Structure formats: C-alpha cells, structure tokens
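What follows is the residue order along each chain.
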Amino acid sequence: MAWLRGMLSVRAIIFTSLAALLLSTAPAAVQRGGPRRPAVLVVRDVTLIDGTGAAATPHVTIVARDGVIASIGEAGVDVPADATVVDGAGKVAIPGLFDAHVHVTGSTHAAAVDELERALAGGVTSVWDMAGDARMASELAREASAGEIRAPTVYYVALMAGPPFFTDPRVLGASRGFEPGTAPWAQAATAATDLPRAVAAARGTGASSLKLYAALDGDLVRRITAEARVQGLRVVAHATVFPAKPGDLVDAGVTMLAHAAYLVWEGTPASTDYTKRASGDFAGVAPDSPAIERLLASMREKSVALNPTLWVLGERQADDAVNRARTPWMYAVTRRANALGVPIVAGTDGLTDRARDPLPMLHHELELLVTRAGLTPMQALQSATQNAARAIGVEGVRGTIEAGKAADLLLLDASPLDDITNTRKIHAVIKDGRAIR
Ligand SMILES: [Zn+2]
C-alpha cells in the first residue's frame with residue numbers, strides 16, 4: 001500500500017485509517033446504491049502507456065471524477081481538495097486489461113463472483129463471456145456495474161448454432177428450464193428459423209454480440225449475420241462452424257473469429273461434423289498456404305479480428321499427437337495474421353486457473369502472444385485493451401486511458417514495453433476510478 005503515500009488531500013490528514021481513506025467520498029460520488037467511492041481520484045506523476053499505440057509519456061497526472069477520466073496532463077496539475085491522490089512516481093499506468101474470451105457461468109453464482117474478484121485483483125478489469133447462461137452473465141454484469149460485487153465489467157454473447165450442437169452438456173447446462181435450442185441465449189437455427197424473431201430474442205438478453213458456434217452452413221451464416229446487422233447486433237464466431245468455413249464467416253461479415261487453430265479448416269474440404277474442430281489437417285495445410293493467406297488478407301481488409309486463444313489450445317492440452325501438430329501451426333498462423341495487420345484480440349477461454357498461476361491466465365496469454373506469435377509488447381498490450389474494446393464495440397467507453405473513458409487502469413512497477421511479463425508486477429488496480437488493490 002506504499003502507493004497511498006503521497007496523498008495530499010485534507011482528508012488524508014484528517015483520516016488516519018486506510019479504510020477511511022479508501023471510502024472517503026463526497027456525497028455526489030455515491031452511485032446508484034453501490035458502495036461509495038472517491039469522487040476524485042488523482043494519479044500523480046506516472047509514466048503513461050495509454051493503449052492507443054502512442055509511446056510512453058513520463059510525468060503524467062491523471063484525474064478521474066466519478067469513475068471517468070476527466071483530464072490527463074502534466075504533473076503539476078491542480079489537485080482538488082477532496083481528491084484521493086495516488087503517487088505514481090516510478091510507476092507505469094496501462095489501461096485495465098480485457099480477457100476477451102471467458103466462460104464464467106458454468107458453475108454457481110458464488111463461484112463466478114469469486115473468480116471475477118480474483119481476476120479483478122489480478123488486473124483484468126473487463127471480461128467478455130463467450131457463451132454460457134446469459135441469465136447469470138446479465139446478473140453478474142448488473143452487480144458489477146452497480147458496485148455490488150468487486151468484479152471486472154462483464155460483457156457477454158448470445159449463442160446460435162445448428163440443432164446437432166444442442167446435445168452438448170455445456171449448452172444444456174447453460175439453458176436449464178428451456179427445451180434445448182429454445183433459450184434466447186442458446187438458440188438452434190435452421191433454414192426454417194424465423195431469423196428476425198430469433199435475432200431479436202438474442203438481442204433481448206442484453207448480449208453485446210451474437211456468437212455462431214457450430215453446425216451452420218454458409219448460407220445460414222450469411223442470413224443470420226445480415227439480420228443481426230439490420231438489428232444492430234454484432235456477430236462473432238468460432239473460427240469455423242462446420243460446414244461453413246472461416247472464409248464464409250468473414251464474407252458474411254462477422255467481426256471476430258475465435259481460436260486461431262480452427263483457421264486450418266479453410267484449407268480442406270468442408271466437414272459437417274463440428275466435433276472434429278480441434279483436429280484438422282495441420283500437416284497438409286501450411287499456415288502460409290494460399291488458402292490461409294487469402295483468408296488472412298480478407299480478414300485484414302474487413303477488419304475482422306482474430307482471438308487466438310493460444311494457451312488453452314496449446315500448453316493447456318495434453319502432450320499428444322494432435323496437439324504437437326496444432327500448437328506450432330496456431331502460433332505460426334497468429335504470427336502471420338499479426339504481421340499482415342489482422343487485429344489480434346487476447347482471450348484465454350479460461351480466465352483463471354489457480355493450479356497453474358496465481359494471476360489471471362491473461363498475463364500468460366500476453367506472454368505467448370509475444371514469445372510465440374511475434375507480437376511486440378505494445379501490440380500484445382493493445383490486444384488486451386484497445387483491440388478488445390473495439391471487438392466488443394465499447395471502444396468509446398473503455399480500452400484506452402483517455403479523457404472521457406472509464407478510469408480502468410493498472411499501475412505497474414515496471415514497463416510492459418520492456419518485458420511483457422511486467423504486466424504481472426501490479427502495484428495497484430483502479431476500477432471505475434476506485435482503487436481496488
Ligand atoms: Zn470458449
């Protein structure tokens with residue numbers, strides 16, 4: 001808590017207990033029944049990496065008011081008398097990190113809250129839940145935004161897939177109380193589906209995007225995506241959904257493809273069996289083969305993001321023949337995608353894994369993006385900040401440290417531009433203008 005030293009406010013003199021300091025607030029800062037938070041939080045004299053790609057700027061002072069960044073200026077800026085002041089000298093501020101591929105609704109609400117709290121303390125200030133029970137995701141999102149739980153901001157998707165997917169135990173668990181395939185966040189679609197109604201139902205869950213998962217053909221993918229566009233809902237997808245190929249998804253207008261390894265299916269004849277997705281002809285379809293090059297060029301041209309999920313489909317898997325072929329392929333195709341300018345969006349498909357790492361797995365994913373897929377540390381950082389916010393469609397609100405954006409930021413003891421693993425050296429987490437750690 002050394003960062004609390006350097007407080008200049010009158011309150012810092014009056015209150016001696018740390019708790020009182022963190023909770024001291026002007027009445028105007030009491031928000032929608034949530035816990036009280038400081039009206040004004042000032043981070044003084046910090047080195048700023050704002051997430052836009054701009055170089056680091058030393059000696060910056062960031063002023064946040066009621067959770068929103070009010071100004072970013074020189075160290076000598078006037079500090080309001082009622083401000084909580086954090087000394088940023090020797091520290092590096094980066095935007096709060098997004099894990100743009102998680103599944104937090106698979107167990108109980110209490111387990112989800114516990115995991116989200118740990119993720120926030122470990123620097124993840126936003127998550128994108130990539131399919132699950134939208135009833136729970138919606139409740140977690142509400143509780144987080146109301147300040148009832150200490151959690152990252154929660155965004156989530158509504159899933160759509162062909163009927164064969166609706167025997168998967170995960171999707172059945174996520175839609176208890178509904179006939180399989182009829183829950184608005186887990187709908188089965190066929191050529192006969194009333195798509196305007198189905199997309200409206202998905203949209204009604206509060207999801208930020210529709211996610212196409214499995215067992216859809218190219219024609220249905222096009223029709224669903226067109227209807228979603230009409231209704232203002234984005235569409236993301238597993239990188240292949242069988243029998244539709246990655247290129248069909250890109251042509252249809254999806255905004256992000258998840259799991260770099262599944263891009264391999266662009267180079268082989270369409271299969272109808274989605275359960276084969278994790279295998280694939282990694283020996284026969286080179287990551288720089290013409291089919292893959294065309295696909296990546298098209299993604300670049302249409303600004304379709306790639307959410308590689310390197311850890312979960314690589315090191316996390318058993319050391320078997322499939323994985324020994326798939327892992328290097330996935331690294332190579334991500335490297336090529338990044339070199340061509342395809343936006344990379346970091347996600348773990350796991351969020352936390354206490355047996356492997358005390359911190360959220362996102363830190364390890366960022367390391368893999370640099371060491372295995374050739375991203376620069378700056379590119380890796382942007383994959384978990386600005387690029388992630390753009391993929392979700394919230395870049396006007398979060399993802400960079402700029403005036404008018406939410407005050408979600410991390411103070412690090414060392415620069416991640418020198419070594420990406422420095423994202424682990426967390427000195428403080430500030431969520432919506434409130435110091436969490
Ligand atoms: Zn997933």
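Note that the coordinates shown come from a computational prediction; the quantities given were computed from them, not determined experimentally. (Residues numbered from 1 in each chain as written. Predicted model: local features only at pLDDT ≥ 70, side-chain atom pairs only at ≥ 80, totals over all residues. Heavy atoms only, no water.)

Visitor: Tell me about the overall build of the chain, residues and numbers included.
Guide: Of the regular secondary structure elements, the chain holds 13 helices and 17 strands. Radius of gyration (C-alpha) of the chain: 22 Å, near the 22 Å computed for a compact globule of 437 residues. If you line up the chain on its principal axes, its C-alpha atoms span 70 × 45 × 40 Å. Per-residue burial over the chain gives 57% buried out of 437 residues. (Helix = DSSP H or I, 4+ residues; strand = E, 2+ residues; numbered from the N terminus. Rg over C-alpha atoms; globule rule 2.2 N^0.38 Å. Buried < 20%, exposed > 50% of the residue type's maximum accessible area, 1.4 Å probe, protein only.)

Visitor: So what's going on with the packing of aromatic side chains? Which residues, and what values?
Guide: Counting across every chain of the model gives six aromatic pairs. Summarising the aromatic geometry, the rings of F178 and W185 are spaced 5.2 Å apart at their centres and angled 75° between planes, so their arrangement reads as edge-to-face. Pairing F282 with W329 gives two aromatic rings, centres 5.6 Å apart and planes at 65°, and the pair type is edge-to-face. Residue F282 is found in the loop between β13 (256-258) and α9 (290-302), and its partner W329 is found in helix α10 (residues 321-340); the two are separated by 47 residues along the sequence. A residue is classified by how much of its surface remains accessible, and W329, at 3% relative accessible area, is buried. (Phe/Tyr/Trp six-rings, centres within 6.5 Å; stacked < 30°, edge-to-face > 60°.)

Visitor: Describe unusual backbone geometry, naming the residues involved and giving the relevant values.
Guide: Between F242 and the following residue, P243, the backbone shows a cis peptide bond with an omega angle of 0°. Tracing the chain through its elements places P243 in the loop between β12 (234-238) and α8 (246-252). A positive phi angle, near 55°, is found at H59, a position not held by glycine. Here H59 is to be found in strand β2 (residues 57-65). The backbone of A131 sits at a positive phi, close to 115°, despite the residue not being glycine.

Visitor: Could you give an account of helix α3 (residues 109-121), naming the residues involved and the relevant values?
Guide: Residues that lie three or four places apart on an α-helix share one face, since the helix turns once every 3.6 residues. An ideal rise of 1.5 Å per residue puts 18 Å on 13 residues; α3 measures up with 18 Å between its terminal C-alpha atoms. When we look at burial in α3, the residues that qualify are A112, V113, E115, L116, A119 and L120. Along the axis of α3, the buried positions cluster into a sector of 165°, meaning they face one direction only. Residues of α3 that are buried sit in contact with β7 (124-129), α4 (134-146), β8 (153-161) and β16 (426-431). Looking one or two residues beyond α3, the residue adopting positive phi is G123, at roughly 100°. (Expected span 1.5 Å × (residues − 1). Arc of directions from axis to C-beta. Contact = heavy atoms within 4.5 Å.)

Visitor: How would you summarise the coordination of the zinc ion if you had to cite specific residues and measurements?
Guide: Protein-derived coordination of the zinc ion comes from H101 (NE2), H103 (NE2) and D349 (OD), at a distance range of 2.1 to 2.4 Å. Judged by relative accessible area, H101 falls into the buried class, the value being 0%. (Donors = N, O, S within 2.8 Å, 3.2 Å for Na, K, Ca; no water.)

Visitor: An account of the layout of surface pockets is needed here, citing residue identities and associated values.
Guide: The space that makes up the largest pocket amounts to roughly 660 Å³. In terms of lining, the largest pocket is formed by 32 residues, of which the most central are H103, A131, R170, Y213 and D349. Its residues assigned to classes, the lining of the largest pocket shows 14 nonpolar, ten polar and eight charged. When its volume is computed, the second largest pocket comes out at roughly 330 Å³. In terms of lining residues, the second largest pocket is bounded by 19 residues, among which S303, A305, P343, N387 and R390 are the most central. Of all elements in the fold, only α12 (377-383) and α13 (386-392) reach the threshold of two or more residues within the lining of the second largest pocket. Counted by class, the lining of the second largest pocket contains eight nonpolar, eight polar and three charged residues. (1 Å grid on protein atoms, 1.4 Å probe; cavity = no way out; pocket = protein on both sides within 12 Å on 5 of 7 lines; lining within 4 Å. Points joined across faces, edges and corners; volume = space filled by probe spheres on them. Nonpolar A, V, L, I, M, F, W, Y, C, P; charged D, E, K, R; others polar.)

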